[in-house]
Amino acid sequence: MKHIVIVIFLFSTVFLTACNSIKVPKSTMSHTMSATPTNVVPTKSEWKIEDHPQANKEIPISIFIKDKSDKPIKSFETVHEKKMHLFIVSKDLAYFSHIHPKYHGNGEFDITETFPSGGDYKVIAEFTPKGGGDSSVESHWLHIEGEPAKEEPLIPDKEFTKVVDGKKVSLTFSQLAAGKTIHMTFTINDAATNKPIKNLQPYLGAMGHTVAMSADAEKYLHIHPMTTSGNGPNIIFMTIFPEKGVYKVWGQFKHEGKVFTVPFVVNVP
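First, a word on scope: everything that follows refers to the structure included in this document. (Residues numbered from 1 in each chain as written. Predicted model: local features only at pLDDT ≥ 70, side-chain atom pairs only at ≥ 80, totals over all residues. Heavy atoms only, no water.)

1. Brief notes about the sheet that holds strand β16 (residues 245–255)
Heads up, the rule is: At least two bridges found by DSSP between two strands are what make those strands a pair. Secondary structure is summarised from DSSP: a helix means a run of H or I of at least four residues, a strand means a run of E of at least two, and numbering begins at the N terminus for each. Note on geometry: axes are lines fitted to C-alpha atoms, helical ones only across the stretch in contact, with angles between N-to-C directions running from 0 to 180 degrees.
The four strands are arranged β14-β13-β16-β17 in an open sheet whose pairing can be described as antiparallel. Here the strands that pair on one side only, and so sit at the sheet edges, are β14 (220–223) and β17 (258–268). With direction set aside, neighbouring strand axes in the sheet form an average angle of 15°. As judged from the 11 bridges shared by β16 and β17, these two strands associate in the antiparallel manner. Paired with Gln 252 across the bridge in β17 is Thr 261.

Encoded structure:
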């Protein structure tokens, strides 16, 4: 079976992550944060997939992480319970998946994934080599053959309240402007009773995870809650949107043993 090998340098992608966005006291944070990545280990990535991958079929994907001298990076930090977080997003941002490849040692991660339809997908790997204080990011576009899904236009939401899996989730902002510190608050109530849900469970070592991506899929932010205390109904995140424009935001939370994802489309002035 033939393979496609794609090598991508970190230097073109590292500033797309905002998991570490601004400085705050460590005592209130589940992770350290800074204005830009300050201690990133330079990396390269080599991706191996089969030729002509098809939709609705299991597709093995191998990711090899190397240093700038092409030597495998062998040791990685465990960050939020995993050595690698992998995000898969369709070109129109309609499809989103947050998964965790298995580490086999010697720089090699792999996973088997099934894509729901044909089209282009952006795959983003986030990891932290030992000795690196900030996450490294590698990404590439993957074309999947097969019947494409109907493209969904990315239209900013007029109201920021949605019902997902029996939860009514509202999103509010302290302010909404590019280049400024923003507090994003997700408020989670029971959709049937409108009572606040106060027994959210930790998901991957935090009370929630948020990913935001620009409409062109070039700007990527992975954001963790400001504090580890409390179990709802309010979960507060802090970040900086790097540029003006439309972003899609996915909030992920866990309740009664089940992870649920709620999306919002935001126009950042």
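2. Some thoughts on the nonpolar core
To keep things clear, this is the line we draw: Residues grouped as a nonpolar core are buried Ala, Val, Leu, Ile, Met, Phe, Trp, Tyr and Cys residues, joined through side-chain atoms within 4.5 Å. Each residue is assigned to one of three classes by its accessible area relative to the maximum for its type, calculated with a 1.4 Å probe on protein chains only: buried under 20%, partly exposed between the two thresholds, exposed over 50%. Only heavy atoms matter for contacts: two residues are in contact if any of them lie within 4.5 Å across the pair.
Membership of the largest hydrophobic core comes to 25 residues, with the highest contact counts inside it found for Met 184, Phe 186, Phe 241 and Phe 253. Listing elements by their share of this core, those giving two or more residues are β11 (167–173), β12 (181–190), β14, β15 (234–240), β16 and β17. No other element matches the five residues that β17 contributes to this core. Once you skip the residues sitting within four places of it in the chain, Phe 241 turns out to touch Leu 176, Ala 178, Gly 179, Ile 182, Met 184, Ala 212, Tyr 247, Val 249 and Val 268.

3. What about the packing of aromatic side chains?
To keep things clear, this is the line we draw: Classification of ring pairs uses Phe, Tyr and Trp, with its six-membered ring standing for Trp, and accepts pairs whose centres are within 6.5 Å; under 30 degrees between planes counts as stacked, over 60 as edge-to-face, and the remaining range as tilted.
All told, the structure shown has 17 aromatic pairs when counted by the stated rule. Note on Phe 237 and Phe 253: the rings are 6.3 Å apart at their centroids and 70° apart in plane angle, and the pair reads as edge-to-face. Here Phe 237 is found in strand β15, whereas its partner Phe 253 is found in strand β16, with 16 residues between them in sequence. For Phe 253, a relative accessible area of 0% puts it in the buried group. Ring pairs connect the aromatic residues Phe 160, Phe 173, Phe 186, Phe 237, Phe 253, Phe 260 and Phe 264, which therefore count as one cluster.

4. Details of the pairing of strand β8 (residues 119–127)
In terms of burial, β8 is a largely internal element, eight of the nine residues being buried. In terms of strand pairing, strand β4 (residues 84–90) meets β8 through seven bridges, oriented antiparallel. Across the sheet, residue Ser 90 finds its bridge partner in β8, namely Tyr 121.

5. Side note on the pattern of salt bridges
The condition is simple: Any carboxyl oxygen of Asp or Glu that lies within 4 Å of a side-chain nitrogen of Lys or Arg is treated as forming a salt bridge with it.
For the structure on display, the rule yields eight salt bridges. Its salt-bridge partner being Lys 162, residue Asp 157 comes within 3.3 Å of it at the nearest N-O pair. Looking at Lys 162, the relative accessible area reads 23%, which means it is partly exposed. A salt bridge links Lys 219 to Glu 243; the nearest nitrogen and oxygen atoms lie 3.7 Å apart. Of this pair, Lys 219 sits in the loop between β13 (209–214) and β14 while Glu 243 sits in the loop between β15 and β16, placing them 24 residues apart in sequence. Here the salt bridges share partners, and the residues they tie into one network are Glu 46, Lys 48 and Lys 66.

From the geometry alone we can't say anything about function, so treat these as descriptive.
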